[in-house]
Amino acid sequence: MKSYFLFILVLLLDTTQAGIAEKVKIYSASMEKNIPALVVVPDNYAQSELHLNTILLLHGHGGNYMDWQSHTDLRLYADQFQFIIVCPDGSPNSWYIDSPVDQNSQYETFVIDEFIPWLENKYRINNFAITGLSMGGHGALYLSIRNPELFSAASSMSGGVDLRHSTKRWGIAQKLGPYKKFPHHWEQYSIVGIISDLEKLASPVIIDCGMDDFFIEINRE
């Protein structure tokens, strides 16, 4: 009897539906290179004609487009909630901005003008939401504040919302220039520097941060 129930359990596990994850590459004309991304669609996407809500899920500093999938199976969430999850590569330290000092790091242009149109052309998409962790949390708020017409919701998880929090770490100076020379860059590219523009967003915004996180105070601010 025990063997019979074990056999049934194995069958159930084998037939559990999960979404489909695909690695893709998108050519960025602004940076003249291919940028990888992960796209996860529900298991029934090919059999359906529905347009689905889509989440841009941004990775943190030092990471890459496979970070989220390596820590949790995004296919299960795509299937359970019937949405598309996309994880673009933001390089280890792009902070998802168009760098004013590094022309090879134009990631706002890539996400907004190249990646999103590519997604809309290839997939059946209803609305976009955007979120991310740490550097990705900064990127999610930054891109949604500057492009409020594109996103139906935005959130930040433990986001680095004030790039002046450390002017020597996380490669930020490579993208903004030295703080002493370009202090205006460090303000205008930080969320705290453009927070008043958040009023332009008619969509929901969630900001969360763990109480033991080193970004907690700047998120409270």
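Residues numbered from 1 in each chain as written. Predicted model: local features only at pLDDT ≥ 70, side-chain atom pairs only at ≥ 80, totals over all residues. Heavy atoms only, no water.

## Focus on unusual backbone geometry
Leaving glycine aside, a negative phi is the common case for residues, and trans is the common case for peptide bonds.
Working step 1: Of note, the phi angle at S134 is positive, near 60°, even though the residue is not glycine.
Working step 2: By relative accessible area, which is 19% here, S134 ends up buried.
Working step 3: One non-glycine residue, S158, adopts positive backbone phi at about 50°.
Working step 4: With a relative accessible area of 12%, S158 lands in the buried category. (Buried < 20%, exposed > 50% of the residue type's maximum accessible area, 1.4 Å probe, protein only.)

## Re the side chain of S94
Working step 1: Tracing the chain through its elements places S94 in the loop between β4 (84–88) and α4 (107–122).
Working step 2: Taking the relative accessible area as the measure of exposure, S94 reaches 0% and is therefore buried.
Working step 3: What S94 contacts, discounting residues up to four positions off in sequence, is S105, Y107, M135 and K175. (Helix = DSSP H or I, 4+ residues; strand = E, 2+ residues; numbered from the N terminus. Contact = heavy atoms within 4.5 Å.)

## A short note on the nonpolar core
Working step 1: The biggest cluster of nonpolar side chains holds 49 residues, and the ones touching the most others in it are I84 and Y123.
Working step 2: Dropping the residues within four chain positions of it, I84 is found in contact with V39, V40, V41, P42, Y45, L52, N53, T54, I55, Y123, R124 and I125.
Working step 3: One finds L57, W68, I85 and C87 within the second-largest nonpolar core, a separate group that totals ten residues. (Core = buried A, V, L, I, M, F, W, Y, C linked by side-chain atoms within 4.5 Å.)

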